[in-house]
Amino acid sequence: MLRFTLRRLVLAALVGIAVSFIAFMLLRVSGDLAIALAGEDASPADVERIRQEYGLNRPIIVQYGEWLWRALRGDLGRSLFYPESVANLILTRLPVTLSLAGMGLVVAIVIALPLGIVAALRRNTWVDRTALGIAVIGQAMPNFWFGLLMIFVFGLALGWLPISGSDSFAHFIMPAITLGWFSAPVLMRLTRGGMVEVMTSDYIRTAHAKGLPARVVVLKHALRNAIVPVVALCSVQFGNMLSGSVVIETVFALQGIGYLAWEAISRRDFPVVQGILLLVALFYVVLTLLADIANAWLDPRIRRG
Amino acid sequence: MSTPVLDVRHLAVQIPVADGVLHAVRDVSLTVAPGETLCVVGESGCGKSLTSLAVMGLLPSTARRTAERMSFAGEDLLTITPSRLRALRGNRMAMIFQEPMTSLNPAWTIGDQLTEPFLRHGKGSRRQAVDRAVQLLERVGIAAAGRRLVQYPHELSGGLRQRVMIAMALMCGPDLILADEPTTALDVTIQAEILHLLAELQREMGMGLLLVTHDLGIVARVAHRVAVMYAGEVVESGPTVTVFNDPRHPYTRGLIDCIPIPARSRPGVPLGTIPGLVPNLVGGIEGCAFRERCAFATAPCTRTVPVSHGGDGHAWRCVLPEGVPSLLENPA
């Protein structure tokens, strides 16, 4: 298990470096940053001055090396708009997004796991079909629209929940449900599929033959095997929620990094965009690593791989 | 005679399939006395595995089970409550399956799976469960038993896994073990070892053993009594010696003629074969199911064949008045 973890750590570090390179390059190939910074109607002399000032005239690999070296020490540059460093800016906004995505994932799991298990156990009954219906609705509905619908019903019509801002726990309820609801169907389908397959396996028959009650057979013997791919997907979904929060944070005006990214893109604040891009990418790397480790813990056969 | 540990009368199992109802088990009556080994033999698809699953209440959910009587140590399995059945399973009656490779849960250690029935049925503390698991693993011939407890099924060979399954079935000291072709999936050399082990343990612990197999060679060595199944019915049953020496059903005779006997089967002389195919059991069968393949079939075989009885519990389902001669050219 320890060797497995170490090997995965090294692999994750390599992926992290590759990802940082892509994050850096993507922004460079999207257009001449000097022109973008100076503005459309700046004089060529001004553009050239900015190019010198920001070091944009040097070879790109040198620029990347310098940027990476600084980034490793936590220096992501300064925002072009806010009088703050990018790192600071992101750090103050990050807790909002992390709480949102965390709550969203909890909502998704709380919806998906029980529904998926019950649908698998009551396969081809009305229970299964109802669960499937919920899944289809959840997947078919754009999350910003679902968010707006919630704002309308619970925020405006009923007045139960605040509709914008990130000051209290109550502010997170609707955004978290919106995010979670959208992610739940795919988790539910995977849980159901896994459980259906596992429940017909020989070792489930063995578990019954031992005289175990149905609850133990399902939760101890079946779920542990069925949940392995679900854990992996959960980490991907969490990553999607972090990046998908751009839309939700905008809808609910939550001051997280999604909202920050949206602002930065519209203001061409490229150091901020780059920083967020790198951060989100690294989140995926870390999440994949955690999912791998969790899976190895759940399924001993993976540990050898 | 003491109460049989297992008493099944007129068991039938029907499974709905795409083109009708499969009468997989049509009329099976069996008894296993305490400390007795009953072998159920027959070819693939004759319903012998389903019979053992029916006793454990482990049939697939679509299957329908009916019987005139099905009791375990005096307890009626037809009307038993689910919780009472759970209290018997894995405790007083245990099962060993055909597929050791897939019958253990890949996500839990051997130790966890071994101690589980012991703890579930309240046989003692965790410490006692572990002690018993080690002791039984050693008894079924697994070296370094203590170290095996923390291993996972994928780290063990098929033969070892089946030994673990046997140890698991023994954890609570059952009155009856149902073994459903426990050696089919294993290497030939391991097969004999496992069967000897089972027979030994059966004697040692005085359990009833219902051994499902398609290998008559095994039957001759370990069974007290034998029940021969064909197309969902018991066609002949009785003490092993009687059935082997004086088979009354042509199918039993056919199976016996198929066994090569070292030093007696002559080189070059073909072994016996049974011509034809097993009948389709969808929709049910009138009369003797074997008549299409039988050299002695006559008109009465198309009607329901009554069960005839011999002296020592020997019973057969055939209209032939005398025994069946061997059809081999040079019977040994």
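Being a predicted model, the structure only gives us computed values, none of them experimental.

Student: What should I look at first to understand helix α9 (residues 202-209) of chain A in this one?
Tutor: For an α-helix, the turn length of 3.6 residues means that residues three or four places apart are oriented alike. Most of α9(A) sits inside the fold, with six of its eight residues counted as buried. Taken together, the buried positions of α9(A) are Tyr203(A), Arg205(A), Thr206(A), Ala207(A), His208(A) and Ala209(A). Against α10 (214-226) of chain A together with α1 (48-56), β7 (93-96) and α3 (100-103) of chain B lie the buried residues of α9(A). Gly211(A) lies just past α9(A) and shows a positive phi near 85 degrees.

Student: Explain the interface of chain B and chain A to me, please; I cannot follow it from the model alone.
Tutor: Interface size is often expressed as the accessible area that is lost when the parts come together. On the side of chain A, 18 residues touch chain B, which itself brings 23 residues to the contact. Each residue belonging to the side of chain B that touches chain A can be placed in one class, and the counts come to eleven nonpolar, seven polar and five charged.

Student: Sorry if this is basic, but what is going on with unusual backbone geometry here?
Tutor: With glycine set apart, most residues show a phi of negative sign, and most peptide bonds adopt trans. Its identity as a non-glycine residue notwithstanding, Ala144(B) has a phi of 50 degrees, on the positive side. For Ala144(B), a count of 10 C-beta atoms within 10 Å puts it in the exposed group.

Student: I'm lost on the packing of helix α7 (residues 158-170) of chain B against helix α8 (residues 188-205) of chain B in this one. Help?
Tutor: Angle between the axes and distance between the axes: these two values describe a pair of packed helices. All names here are of chain B. Across the interface, α7 lies against α8 with an axial gap of 11 Å and an inter-helix angle of 10 degrees. As the angle between them shows, α7 and α8 are arranged roughly parallel. Our pair here, α7 against α8, has a crossing hand that is right-handed. Between α7 and α8, the residues in contact are Gly159, Gln162, Ile166 and Leu170 and Ile190, Ile194, Leu197, Leu198 and Leu201, respectively. A class-by-class count of the residues in the contact of α7 with α8 yields seven nonpolar, two polar and no charged.

Student: What is the right way to read the confidence of the model for chain B from this model?
Tutor: Close inspection of predicted coordinates is inappropriate for parts of the model with low pLDDT. With 96% of its residues at a pLDDT of 70 or more, chain B shows a mean pLDDT of 88. For this predicted complex, the interface confidence reaches an ipTM of 0.88, while the overall pTM sits at 0.81.

Cut-off values and rules
- Residues numbered from 1 in each chain as written.
- Chains lettered and ligands numbered in written order.
- Predicted model: local features only at pLDDT ≥ 70, side-chain atom pairs only at ≥ 80, totals over all residues.
- Buried ≥ 20, exposed ≤ 12 C-beta atoms within 10 Å, placed from the backbone.
- Helix = DSSP H or I, 4+ residues; strand = E, 2+ residues; numbered from the N terminus.
- Contact = placed C-beta atoms within 7 Å.
- Nonpolar A, V, L, I, M, F, W, Y, C, P; charged D, E, K, R; others polar.
- Axes fitted to C-alpha atoms, helices over the stretch in contact; angles between N-to-C directions.
- Parallel < 35°, antiparallel > 145°, perpendicular 65-115°, else oblique.
- Left-handed = near helix turned anticlockwise from the far one by under 90°.
- pLDDT = per-residue confidence, 0-100.

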